[in-house]
Each structure stands twice: as structure tokens, then as C-alpha cells.
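Architecture at a glance
One letter stands for each residue in the lines below.
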Amino acid sequence: MKSSVIVFPGSNCDRDIAVALEKMQFKNQMVWHKETNLPKSDLIVIPGGFSYGDYLRSGAIAGKSKIIGEVIKAANSGCLVLGICNGFQILTETGLLKGTLLRNRDLKFINKDIHIKVINNKTNFSLKYKKNQVLKMNIAHNEGNYFTNPKHLEELEKNNLIAFKYCDEKGNINNQSNPNGAINNIAGIYNSKKNILGMMPHPERMVDKIISNTDGVNLFSSLLN
Amino acid sequence: MKFSVTVTLKKDVLDPQGKVVQDTLSNIGFNSLKSIRQGKFFEIEINETDQSKAEKKVNEICEKLLVNLIIENFKINKI
Amino acid sequence: MKFSVTVTLKKDVLDPQGKVVQDTLSNIGFNSLKSIRQGKFFEIEINETDQSKAEKKVNEICEKLLVNLIIENFKINKI
Amino acid sequence: MKITDEIIRNHGLELKEYKEIQKLLKRNPNLLELGIFSAMWNEHCSYKSSRIHLKKLPTNGKQVIQGPGENAGVIDIGDDDAIVFKIESHNHPSYIEPYQGAATGVGGILRDVFTMGARPIALLNSIHFGSPSHPKTKSLLNGVVSGIGGYGNCIGIPTVAGETKFDETYNENILVNAMAVGHAKKEKIFYSKAKGLNKSVVYVGSKTGRDGIHGASMASAEFDDNSEEKKPTVQVGDPFTEKLLLEACLELMKDDSIISIQDMGAAGLTSSSVEMASKGSLGIELNLDKVPCREENMTPYEIMLSESQERMLIILEDGKEENAKKIFEKWDLDFVIIGKTTNTKNLTLKLNGLIQGEIPIDALASMAPKYDRQWVKKKLPKNKVEIKNLKKIKTEDALNKILSSPNHSNKSWVTNQFDQMVMCDTAKRSGSDAAIIRIHNKDKAIAISVDSSANYCKSHPLTGGKQIVCENWRNLISVGAKPLAITNCLNFGNPENKEIMGEFAECLEGIKESCEFLNYPVVSGNVSFYNGTNKKNIKPTPVIGGVGLINKLSYPLDHNFKKENSIIILIGKTFGHLEQSCFLKENYSIVDGRPPEVNLLNEKNNGELVLKLINKNLILSAHDVSSGGLITALCEMTFANSIGVKTEKPKNLRNLTQYLFGEDQGRYILEIDKKNYTTVEKIIKNADVYFENIGITQKNYFEISGEMKTAVNDLFKVNNQWYNNF
Ligand SMILES: Nc1ncnc2c1ncn2[C@@H]1O[C@H](COP(=O)(O)OP(=O)(O)O)[C@@H](O)[C@H]1O
Ligand SMILES: [Mg+2]
């Protein structure tokens with residue numbers, strides 16, 4: 001399985017995701033944003049961080065970079081694309097995913113372990129998880145408050161395009177278990193063809209017992225299938 | 001030629017910043033506040049003497065980069 | 001009564017955001033851009049019919065909360 | 001322009017210092033030169049009041065690769081790995097503009113670390129605010145915390161530990177100290193000493209603007225009521241550019257293009273160029289028209305004194321310029337050759353070929369003033385607090401008071417605003433006695449902690465100085481690390497006051513004694529004087545940042561009780577010292593008497609024993625006993641896993657309150673699996689260390705037999721209340 005991690009100036013989870021991918025036996029390459037050619041890959045990852053300092057709007061400037069044109073082309077021809085945190089923000093800025101990520105409800109950066117529930121476990125990203133499985137993940141963002149219009153929201157719910165929702169330890173999805181104000185507690189979504197996943201939590205931070213836990217491992221092993 | 005651009009969130013888009021500011025203000029005793037919404041402001045200077053051409057350029061800059069048209073509106077003014 | 005507030009960085013204060021936006025614009029082919037500086041914009045509606053009283057309130061809101069007077073200037077306009 | 005007495009004073013120079021300048025130059029300086037002298041000779045850059053005392057600190061040891069004097073200290077952690085670290089203050093700028101002040105404080109200390117060739121792997125901070133009820137405290141706290149986070153989160157270096165304290169002594173003068181820790185290869189450390197003639201001096205990074213002109217002098221001048229007016233000199237941080245600068249520098253450091261490298265910190269281009277030349281006994285010539293400027297028409301004075309952030313000065317080997325330039329352009333950064341090294345031993349400043357100023361380097365560096373300021377010793381205060389005469393308070397109420405106090409409340413309101421996990425090597429985050437950071441791709445790790453005890457230092461500076469080093473050492477031991485070396489940030493009041501100078505000298509003496517005894521040398525540090533307003537000085541607040549080594553990180557240890565029915569022991573003797581304690585402060589508003597005594601021999605024996613037990617895998621959890629005493633420490637161990645504890649009252653009962661709340665030093669609480677107890681007991685007895693068996697873990701309840709029994713969750717709630725106000 002070949003993966004490519006796109007690196008923008010200001011990306012800072014690029015090494016973390018590369019370590020996780022390599023640990024899971026992906027053949028990974030780092031792709032600098034100024035490159036115009038994307039190596040042939042089965043999976044493209046847009047990592048977390050603060051591309052271009054998150055200045056203007058998070059993800060906005062990366063969304064205009066040269067390499068993104070190639071990512072869009074690959075995505076449209078069915079390549080798997082995973083955007084984590086800032087990567088999710090970039091995907092919404094390019095239009096590959098709908099909706100947008102607003103400032104967190106209480107306007108503060110949040111880093112903590114939270115829980116998410118696997119809503120759709122029938123995709124290339126999630127088939128190793130059980131439906132409704134509760135995962136402990138780590139979030140770290142200023143703008144993770146997912147928002148979209150009512151029509152799209154309905155589409156997401158109806159067509160099973162919601163990947164994860166924030167919940168508590170026991171799986172309850174409610175206002176208390178919503179860390180950032182995201183609409184319907186949404187933590188991650190798919191595009192309609194389900195080959196693109198954008199998520200705010202960092203699965204690459206959950207692949208090593210000494211550091212945290214291994215709840216992120218199955219996302220990567222799902223992709224290997 | 002100089003322009004100002006104001007970018008505001010569309011009506012139906014949640015404005016967490018505006019909301020927090022509003023809550024804070026009412027906490028510190030500003031009760032007469034009816035609503036507050038936050039946006040962005042740009043001052044753009046452009047090397048172009050023809051106003052309509054210049055305005056077109058600024059418009060293009062807004063649409064291509066400064067503004068997320070899905071959630072934001074914008075207005076250009078010459079200054 | 002409705003007001004707009006524009007908040008801009010004082011002269012000589014570094015504007016990292018404006019700088020990145022400017023570089024990006026020139027990268028994507030906008031060469032005629034001379035300068036761009038970023039600021040904030042607020043739309044404030046207030047329950048108050050007396051304009052000068054209302055303006056005073058808005059001014060207070062700016063100074064107390066919206067504006068960092070150390071590095072920013074602001075301007076209020078009735079709209 | 002004629003240099004008047006007023007201009008001299010506005011530059012923070014004394015008239016007698018000006019006379020000295022005239023003597024050294026053998027003429028009058030022009031304004032540019034005066035500005036340069038004022039920047040180099042102020043307290044912040046010259047250490048003129050502190051140098052004599054700092055010399056006494058122990059700075060050597062097998063583990064030390066580079067002690068004080070460079071951008072940061074360097075220690076050896078085995079194999080080919082080195083750890084580079086330093087702490088620095090940004091107190092005054094943060095009081096004026098908390099967000100930017102704190103942010104640029106973080107940016108500055110990061111540059112100190114990566115200039116030396118290290119990739120930063122962790123950030124820490126020690127922040128002190130005024131009384132919570134002071135009108136400014138809330139917004140200062142908010143601004144500082146989001147500024148620290150804003151910078152560290154963006155650049156992608158985890159902020160993993162720190163301390164957040166409140167005391168009215170900081171009402172008008174908060175403390176913001178930031179520490180950075182980096183990892184380098186032992187053979188690839190870069191220094192600031194210039195070498196060779198006619199080498200290219202290169203400017204890289206951001207453009208120069210009018211930021212913080214005279215910031216360095218501002219940082220060492222006492223505040224007065226007009227200080228609000230000094231505002232426009234605020235520097236704005238740009239973490240995004242710093243991230244590019246970091247990556248570009250590390251890329252350039254892969255080969256051997258660099259002779260010498262120095263970040264532009266306080267006093268910008270001035271101090272960086274002078275430092276490089278001075279260490280290399282060379283001259284340096286700069287063409288100021290070449291310096292990349294942000295604004296038009298900047299004067300040589302402004303260019304030399306600007307404190308714009310995210311800039312570096314590099315001296316390159318011949319022929320390496322092209323390749324280096326490519327690297328910086330790849331990262332969209334300015335790269336300009338602005339001068340060269342010379343044999344004149346002068347700092348020569350030119351504009352369009354014309355000399356604007358010329359000063360002997362020695363006059364700026366080695367000949368800068370050095371003062372042996374008057375100081376007075378402080379006697380150990382008399383025992384004062386008569387415990388018997390105090391109104392009785394129920395143990396549980398007193399405990400609740402402490403747990404819900406600003407200084408003891410759970411700090412997650414603060415720490416959740418920092419990315420603690422980025423880089424994926426943080427094995428223990430904030431909330432633990434020390435953070436644990438794994439060395440990337442290896443199975444060893446370092447432990448880091450910062451600590452201060454202003455009340456102890458105020459009461460008796462000598463004991464206080466000793467105590468903080470010990471507390472810091474204990475925090476590292478508690479997570480199973482062998483303490484290796486420290487950095488220190490010495491926050492004090494006005495050194496021209498002999499009481500304050502006494503506090504400084506004696507705290508330093510205390511630090512020295514502990515460091516020597518514990519083989520815990522000082523490898524870097526920073527002094528911040530003039531913390532105070534209108535003659536009111538802050539309590540002496542030295543902050544210690546320590547680094548320790550965990551050789552094999554198989555199981556990161558923390559202070560959370562792991563299971564029911566384990567045996568709890570207390571290492572170290574309890575005398576019940578309550579003066580200067582958190583118990584008296586929170587319950588009676590008494591801050592009086594002497595600090596607890598520090599016995600270095602016991603400290604060392606106890607610590608080494610605990611480390612031995614941990615290394616033998618005999619310990620389930622460990623916690624040092626510090627402010628708040630035994631009961632508070634025990635309580636903190638119950639929170640994470642809802643495992644409580646049942647303790648017996650001590651047999652030969654002293655006063656129970658003193659026993660529970662006393663702050664005697666050198667103590668640890670250990671959780672031991674029943675099956676290992678006899679082994680542990682034998683080892684402790686062999687080591688001749690005093691210990692008590694104090695109880696057993698149990699589910700859900702915190703219990704002191706016959707005294708109190710409360711659900712752990714209720715105590716946890718109490719501990720989490722206070723920050724809800726924000
Ligand atoms: N500003 C801060 N930044 C990061 N961590 C902090 C900060 N303030 C407090 N902490 C963390 O909170 C915990 C409690 O702090 P403190 O009571 O000072 O610990 P200790 O007594 O062990 O030194 C520690 O783990 C510390 O690292
Ligand atoms: Mg501790």
C-alpha cells in the first residue's frame with residue numbers, strides 16, 4: 001500500500017502521521033507542496049498542523065497551493081484521501097468536502113483526550129471498527145467546530161456520511177460530550193463516494209501504548225485491506 | 001489605489017466569536033446590546049490607476065482567496 | 001441603532017497574516033498588489049435611540065473588549 | 001545631535017556609565033553608538049549586577065557538554081544524544097501585552113535552543129500572576145495562556161509542563177518564564193563563536209521592523225505609572241515564520257556550512273553581532289543598507305536596535321553561500337549577506353559605504369560594567385506561629401480549602417489550551433510530577449519539570465534557594481528519572497536595593513549548595529531584575545527547570561494510584577513543619593515564620609533510594625510531598641483512577657494537623673504491590689532510610705481512620721472548581 005503525505009509550510013503533524021503509516025507497513029512518501037507531480041499512491045494524507053500559520057482562515061492558503069490541484073484530480077478518480085485536523089480544514093476549503101470548520105464554541109484552543117463513536121463502519125477507513133464502537137482520541141485545534149447547511153446535514157445523516165461523532169466514555173452523544181460545538185457532534189465526515197475522510201481527532205496519536213493508546217490503529221489497518 | 005474590503009459571515013452561519021463577545025458583554029453589564037457579528041477587514045493597495053479595472057482586480061482577489069464564498073459575504077469600498 | 005467597527009493594526013506593528021496573504025496573492029499571479037493589511041470588522045446593533053449615547057456605548061465596548069489598544073486602532077461608523 | 005543628560009538617562013544609562021563610554025571611545029559617541037552601548041550595557045544583556053554571583057554556581061559534571069555562556073546549555077544523555085535547554089523570562093513585555101509578550105517569550109527561547117543545532121522537543125513555562133481578585137489578573141492570565149499556546153501550538157512543539165501561581169506580590173508585575181528543551185546529536189552542536197577573517201555574515205529570517213526598539217532597556221527598567229505609554233514598542237510574534245526558520249536552520253545544519261550562528265534576541269542585531277565577534281576575538285562589519293527592512297527609511301539606529309522576532313545571524317564557511325541561500329529560499333525566508341568578519345576587533349557599521357559608527361567590541365562586551373552591589377544577609381526568622389493558639393479547623397474543611405485554592409486547583413483549564421501531544425513522544429503530560437518525553441525512535445526518555453517557591457525564598461532566601469532545587473530534583477525522581485542538570489530563571493526586584501540584592505545573593509548560595517551536593521549542575525539560565533513597581537518589589541522568585549534521564553522507558557511512571565489493596569509508604573521523616581505552609585495561608589491567611597529545613601544528606605539518600613526502587617520495577621505509583629503536605633499529596637494520587645486510600649493515624653501521634661499538612665522536605669509517597677512489600681522493605685532498611693507504612697489503597701474513598709472519609713470524586717470536584725470562573 002503506497003501512501004503520500006502532503007507537507008505544507010507550517011504542517012506540524014507530518015512526521016507523526018509518517019511514523020504511524022510506516023509502523024503500519026505503508027510505503028510512505030513525503031510530498032512537498034511546491035511539487036507539481038503527485039507520486040502514484042493508494043492513499044493521500046493531508047496532515048495536521050498550521051499550514052501557512054492558519055492565517056486568513058485555517059486551510060485557506062494551502063487550499064490554493066499547486067499540489068492541491070493534483071490531490072483534487074486524484075480524489076476525483078477515486079484515490080483514498082484522509083485529512084486530519086488541519087487536513088480536514090484544507091479539504092473543506094478545496095471543496096472536496098462540504099461544510100466548514102468554525103472557531104471552537106468557547107474560542108479557546110483545545111487539546112485533550114475525548115471520545116468518539118464510529119457511526120459508519122462500512123468504509124475503507126473504518127471496516128476494522130465495530131459499529132458504535134467508542135474510541136478514545138486526542139484533539140488539538142482552534143477551529144474544529146464543524147458547520148454545514150441544513151440540507152447538507154440531512155444528506156450527511158441520511159446517506160451515512162458521518163464517520164465519527166463526539167461522545168462520552170459510555171457513548172452518549174450530547175452537548176456535554178461535544179468539545180467544540182460541532183453541529184450534531186460531528187467529528188469526521190465522508191464525501192458522497194466515501195473515498196475522502198476528513199476528521200478533527202488525530203488517529204496518528206493513538207498508535208503507541210507507551211504514549212497513549214492504540215485506538216487509532218484500526219483506521220490504518222482498515223485502509224490496508 | 002486603495003480599497004477596503006469587509007468580509008462578514010452569511011446570516012445563517014453560526015458566529016461563535018460574535019456569540020462569545022455578546023455573552024461576555026452582557027456578563028460585564030452591557031445590556032443594551034442587541035447583536036454583534038464579527039468579520040474581517042482588509043486594506044488593499046493596488047498599482048492601477050483605472051478605478052473600474054482596479055475594482056475588478058480587488059473583486060477577483062476576494063473571490064479567489066480572501067473570502068470563503070460558501071459562508072461569507074464581502075463588500076468593497078474605495079478609500 | 002447599528003454601527004460598524006473596523007479594527008486595524010497600528011502602523012509599524014508586524015502583520016504576519018497580511019504578509020502571508022500578500023505572498024500568496026503574488027504567487028497565484030496578482031502582481032499589481034502593492035500592500036494588504038488585515039484587520040477585524042464588527043457589526044453591532046444596540047438598543048438605544050440617542051445616537052451620541054449609542055456611539056459612546058459602542059466606543060466603550062471597543063475599548064473594553066473588542067480592541068487591543070496597544071497594537072490596534074479602531075473606527076466606528078453608523079450604518 | 002548633541003547627547004544631553006536627558007538622552008543618556010532615557011537610554012537607561014547612568015551618567016557615570018556615560019563617562020566610562022567616553023573614556024573607552026576616547027571621544028563622544030554619536031546617537032547610534034549610544035543606543036548600542038545602552039543595549040549592551042543594560043542589565044538584561046550585561047548581567048552587570050549578577051555576574052559576580054553567578055560565577056559561584058557549579059556548572060561542571062561528567063554529564064555537561066556546554067555550561068552557561070552559550071545560547072543554551074547542553075548535556076549528555078548517552079549514545080550520541082545530547083539535550084539542549086534553557087529558560088528565559090519575558091515578564092515586562094507580558095505585563096504590557098500578555099498575548100504577544102508570552103508568545104514572543106516562547107519564540108525567543110525556542111530560537112536559543114535550535115540555534116545550537118537541536119530540534120526542540122518540549123516547551124515548559126512558569127507563570128505567576130497577581131491576586132485572583134486583582135482587576136487585571138483575569139485578562140493577564142487569559143492573554144498569557146493563549147499566547148503561550150498560540151505560539152507553541154502553531155509551531156508544533158508540545159507544551160508539556162509548567163506551573164501557574166497566584167500571589168498579590170505579582171499584582172503589578174507578572175512573571176512569564178518559558179523553557180525550551182531540544183534534542184541534538186552530540187557531534188553536531190553549533191556555537192556562536194566566530195572564527196576566521198573575511199567570512200560572510202548572513203542575515204536570515206523575517207524582515208526588520210520597528211518592533212520593540214528599546215525593548216531590552218525596557219525589560220530592565222522599573223515600571224512607573226507611565227509604563228502604559230511605552231506600548232507601541234510591542235513585538236508581535238509570527239510562529240509560522242519561526243517554524244520555517246527552524247526547518248531551514250536544521251536543514252542547513254546537516255552539513256558543515258556554518259561556522260557560527262546566533263539568534264537575534266534582546267537587542268537584536270546589536271547583541272548578536274557583538275556576541276559572535278567578542279567570543280571569537282574578531283571584528284565585524286555590517287552594511288546596514290543590506291539589512292532586509294519591513295518599513296521604508298529605517299535609520300541605522302532603528303535597524304541596530306530593532307527587536308523584530310524570528311531572525312538569525314550566521315557566519316558561513318567560504319563558498320557555502322549559494323547552497324545556503326537555496327535552502328532559505330525554499331522556505332520563503334530572507335537570506336542576505338550583510339557583512340563580514342574583520343581583524344579590527346571593532347563593530348563597524350556602514351550605510352551605503354559610509355561609516356555610521358565604530359565601537360571596539362571589548363568596550364561593548366568584556367568591558368561592560370560589572371557591579372558588586374551592596375547586599376545584606378537575612379537572618380532565619382524566629383519561630384512565630386503558635387499552632388496551639390489557632391482556631392480549630394476540621395481536617396476535611398482544611399483539605400477542601402487547599403484543593404479549591406487558586407494555587408492548588410487542577411490546572412487543566414490552562415494545560416488544555418496547549419498541544420501536549422504533537423510530535424507523538426509525550427509519554428507523560430502536564431499533571432504529572434514531571435513530564436516525560438521519549439527520545440524519538442529510541443526507548444529512552446527525558447523527564448522535565450519547573451519549580452519555584454517564592455514564599456520560602458522570601459522568608460529565608462538561603463533555605464528557599466536550596467529547597468527549590470531539591471523540589472525540582474524530587475519531581476524528576478518521582479517519575480523514575482535520574483536528575484542530570486538544571487537551568488534557572490532568577491526573577492528578583494531592584495538590585496540597587498541592598499535587601500533585594502541580599503535575597504539574590506543568598507538564594508543563589510542556596511541553589512549552589514544543593515546543586516553541588518546533588519551533582520545537579522547549572523548549564524544555562526537567565527536573570528530578570530527590576531520586577532516591581534514604584535519601589536514595591538516582588539518576592540524573590542527563582543525558577544528551576546530540571547532535566548533527568550530515563551534509560552529505558554518501558555512503563556512511564558506517574559502519581560496515580562493503580563489498584564486497590566496496595567501498600568502505601570511514606571519515605572522521609574515527618575516533623576510537621578507548618579510555618580510558611582499552604583495550610584496556614586489558605587486557612588488562616590498566615591504567611592509567616594521560617595521555611596521547612598532542607599537536609600541535603602537525607603534528600604540525596606531518599607531520592608536515590610526511590611529511584612532504585614523504581615528502576616527495579618517495584619513501584620506502582622510515586623509522588624513527592626510538597627506544598628499542602630502529606631494529605632494533599634495523597635489526595636492528588638487518588639483522582640485519575642478513582643482509587644482511594646485508607647490511612648491510619650500515626651502511632652506516636654504528634655499533632656495530627658501538623659502531621660497531615662506539614663511541609664517537611666525530602667519525602668515521597670510510594671504505592672507498592674503487596675507481593676513486593678517485603679522486598680521493598682528490605683531494600684529501604686538496607687539503605688538506612690526512614691520510612692513509614694501509612695495505609696492501603698481502597699476503592700472510591702479517601703479515608704483517614706477516625707478523622708474523615710470522603711468520596712474521591714467529591715474531592716476531585718472541589719479540585720476542579722476554581723478555574724470555572726474563567
Ligand atoms: N502553565 C502550565 N503549563 C503547563 N503545565 C502546567 C502549568 N501549570 C501547571 N502545570 C502542570 O500542572 C501540574 C501541577 O503543577 P504543580 O502543582 O506546580 O506541580 P508540582 O507541585 O508537582 O511541581 C504539573 O504537572 C504541571 O506541569
Ligand atoms: Mg510534584
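For the structure itself, consult the block above.
About the criteria used
Residues numbered from 1 in each chain as written. Chains lettered and ligands numbered in written order. Predicted model: local features only at pLDDT ≥ 70, side-chain atom pairs only at ≥ 80, totals over all residues. Heavy atoms only, no water. Helix = DSSP H or I, 4+ residues; strand = E, 2+ residues; numbered from the N terminus. Rg over C-alpha atoms; globule rule 2.2 N^0.38 Å. Contact = heavy atoms within 4.5 Å. Areas by Shrake-Rupley, 256 points an atom, 1.4 Å probe, with all protein chains shown as cover. Lys, Arg positive; Asp, Glu negative; His and termini not counted. Charge placed at Lys NZ, Arg CZ, Asp CG, Glu CD. Near = heavy atom within 4 Å. Polar contact = N/O pair within 3.5 Å; in protein donor to acceptor, adjacent residues only side chain to side chain. 1 Å grid on protein atoms, 1.4 Å probe; cavity = no way out; pocket = protein on both sides within 12 Å on 5 of 7 lines; lining within 4 Å. Points joined across faces, edges and corners; volume = space filled by probe spheres on them. Nonpolar A, V, L, I, M, F, W, Y, C, P; charged D, E, K, R; others polar. Axes fitted to C-alpha atoms, helices over the stretch in contact; angles between N-to-C directions. Parallel < 35°, antiparallel > 145°, perpendicular 65-115°, else oblique. Buried area = accessible area lost by both parts, 1.4 Å probe. Salt bridge = Lys/Arg side-chain N within 4 Å of Asp/Glu carboxyl O. Least-squares fit on C-alpha atoms with pLDDT ≥ 70 in both. Core = buried A, V, L, I, M, F, W, Y, C linked by side-chain atoms within 4.5 Å. Buried < 20%, exposed > 50% of the residue type's maximum accessible area, 1.4 Å probe, protein only. Left-handed = near helix turned anticlockwise from the far one by under 90°. Pairing = 2+ DSSP bridges. Arc of directions from axis to C-beta.

A closer look at the overall build of chain D
Counting its secondary structure elements, chain D contains 25 helices and 28 strands. For chain D, the C-alpha radius of gyration of 26 Å lies close to 27 Å, the compact-globule estimate for 726 residues. For chain D, the spread of C-alpha atoms along the principal axes amounts to about 85 × 50 × 45 Å. Across chain D, contacts joining residues at least 24 apart in sequence account for 85% of those joining residues at least 6 apart. Approximately 25800 Å² of chain D is accessible, and the part contributed by carbon and sulfur atoms is 47%. Computed over 89 positive and 88 negative side-chain charges, the inter-centroid distance for chain D is 4 Å.

A closer look at unusual backbone geometry
All names here are of chain D. The backbone phi angle of Asn297 is positive, close to 55°, even though this residue is not glycine. Counting through the fold element by element, Asn297 comes out in the loop between strand 9 (283-287) and helix 12 (300-305). A positive phi angle is found at Asn352, which is not glycine, with a value near 45°. Examined against the element boundaries, Asn352 turns out to sit in the loop between strand 12 (346-351) and strand 13 (354-360).

Digging into the site of ligand 1
Residues and elements named next belong to chain D. As a structural note, the neighbourhood of ligand 1 is formed by 18 residues, with Asn125, Thr164, Ser430, Gly431 and Ser432 the closest of them. Here a nitrogen atom of ligand 1 and a side-chain polar atom of Ser430 are 2.8 Å apart. Within the backbone of Gly431, an N or O atom sits 2.6 Å from an oxygen atom of ligand 1. Relative to its unbound accessible area of 560 Å², ligand 1 is 86% covered by the protein chains. Those elements that place two or more of their residues in the shell around ligand 1 are strand 4 (119-129), strand 5 (159-166), helix 16 (412-415) and helix 18 (461-477). Looking at which element gives the most residues to the shell around ligand 1, the answer is strand 5, with four residues.

Quick notes on empty space enclosed by the protein
Residue and element names in this part refer to chain A. Using the criterion set out here, one finds six cavities of 30 Å³ or more in the structure. Roughly 110 Å³ of volume is contained in the largest cavity. In terms of lining, the largest cavity is formed by 17 residues, of which the most central are Gly49, Phe50, Cys85, Ala140 and His141. Elements with a contribution of two residues or more to the lining of the largest cavity: helix 3 (86-94) and strand 7 (134-141). Of the residues that constitute the lining of the largest cavity, the class distribution is five nonpolar, eight polar and four charged.

Let's talk about the packing of helix 7 (residues 98-114) of chain D against helix 10 (residues 239-252) of chain D
Residue and element names in this part refer to chain D. Running from N to C, helix 7 and helix 10 point in directions that differ by 5°, and their axes come no closer than 11 Å. Considering their axes alone, helix 7 and helix 10 lie roughly parallel with respect to each other. Side by side, helix 7 and helix 10 meet where Gly107, Leu110, Arg111 and Phe114 of the first sit next to Glu242, Leu245, Leu246 and Cys249 of the second. Classifying every residue of the contact of helix 7 with helix 10 by side-chain character gives five nonpolar, one polar and two charged.

Structural notes on the interface of chain C and chain A
Frequently, the measure chosen for interface size is the accessible area that the parts lose on association. Contacts between the two partners involve seven residues from chain C, matched on the other side by five residues from chain A. Summed over both partners, the interface of chain C with chain A buries about 530 Å², with 79% contributed by carbon and sulfur atoms. Looking at the side of chain C facing chain A, the largest losses of area belong to Gln17, Val20 and Thr24 of chain C, adding up to 56% of the total buried there. Across the contact surface, chain C and chain A share zero salt bridges. Across the chain C-chain A interface, the total number found is one residue pair in polar contact (both at pLDDT 80 or more). Residue contributions to the side of chain C that touches chain A peak at five residues, all from helix 1 (residues 16-27) of chain C. A per-class count over the side of chain C that touches chain A returns four nonpolar, three polar and no charged.

Quick word on the side chain of Ser222 of chain A
By the element assignment, Ser222 of chain A lies in helix 5 (residues 217-224). Those residues in contact with Ser222 of chain A that lie beyond four places of it in its chain are Asn124, Phe125, Ser126, Leu127 and Lys128 of chain A.

Describing the relation of the copies chain B and chain C
Superposition of chain B onto chain C requires a rotation of 180° combined with a translation of 0.0 Å along the rotation axis, giving an RMSD of 0.3 Å. Taken together, the turn and the small shift mark the pair as related by a two-fold rotation axis. Within chain B, the C-alpha atom positioned nearest to the axis of rotation is that of Lys40 of chain B, 2.1 Å from it. Here 100% of the interface residues in chain B have copies in chain C that are interface residues too; the copies meet face to matching face.

Considering the nonpolar core
Phe164 of chain A, Leu66 of chain B together with Ile83, Val181, Phe328, Ile446 and Ile448 of chain D are the most contacted members of the largest nonpolar core, which has 177 residues in total. Top contributing element to this core by residue count: helix 10 of chain D, with eight residues. Formed by 60 residues, the second largest nonpolar core is a distinct cluster that contains Tyr47, Ala481, Val610 and Tyr677 of chain D.

Brief notes about the packing of helix 8 (residues 137-155) of chain D against helix 10 of chain D
Residues and elements named next belong to chain D. It is at 8 Å that the axes of helix 8 and helix 10 come closest, and there the two elements cross at 40°. Of the possible angle classes, the one that applies to helix 8 and helix 10 is oblique. Regarding helix 8 and helix 10, the two cross each other, and that crossing is right-handed. Within the contact between the two elements, helix 8 uses Gly150, Tyr151, Cys154 and Ile155 and helix 10 uses Pro239, Phe240, Glu242, Lys243 and Leu246. Across the contact of helix 8 with helix 10, the residue classes tally to six nonpolar, one polar and two charged.

Structural notes on the sheet that holds strand 14 (residues 426-428) of chain D
Residues and elements named next belong to chain D. Taken together, the six strands give an open sheet; going across it, the order is 14-15-16-21-17-18, and neighbouring strands pair in mixed fashion. Two strands close off the open sheet at either side, each with one partner strand: strand 14 and strand 18 (522-528). On average, each strand axis in the sheet is tilted by 20° relative to the strand beside it, whichever way the strands run. Bridge count for strand 15 (residues 435-438) against strand 16 (residues 445-451) is four bridges, and the pairing is antiparallel. In the strand pairing of strand 16, Arg438 is matched with Ala445.

Brief notes about the pairing of strand 6 (residues 175-185) of chain D
Residues and elements named next belong to chain D. Within strand 6, 10 of the 11 residues are buried, leaving the element largely enclosed by the surrounding structure. Across nine bridges, strand 3 (residues 81-89) lies against strand 6 in antiparallel orientation. By the bridge assignment, Lys86 is partnered in strand 6 with Ala180. In this structure, strand 4 lies alongside strand 6, joined through nine bridges in antiparallel fashion. Opposite Ser126, over in strand 6, you have Asn177 as the bridge partner.

Structural notes on the sheet that holds strand 2 (residues 27-32) of chain A
All names here are of chain A. Here we have nine strands laid out as an open sheet, ordered 2-1-3-4-11-10-9-6-7, and mixed in their pairing. The open sheet has two edge strands with one neighbour each: strand 2 and strand 7. Sheet twist, expressed as the mean angle between neighbouring strand axes with direction ignored, is 25°. With four bridges connecting them, strand 6 (residues 110-118) and strand 9 (residues 162-167) associate as antiparallel partners. Considered in strand 9, the bridge of Ile116 is made with Tyr166. The strands touched by helix 4 (residues 150-158) within the sheet are strand 9 and strand 10 (186-190), with strand 10 carrying the most contacts at an inclination of about 80°.

Looking at helix 25 (residues 712-720) of chain D
Residues and elements named next belong to chain D. Residues of helix 25 that are buried include every one of Val712, Leu715, Val718 and Asn719, and no others. All buried residues of helix 25 project into a common sector of 120° when viewed along the axis, lining one side. Buried positions along helix 25 lie against helix 15 (395-403), helix 22 (629-638), strand 24 (643-647), strand 27 (701-704) and strand 28 (708-711).

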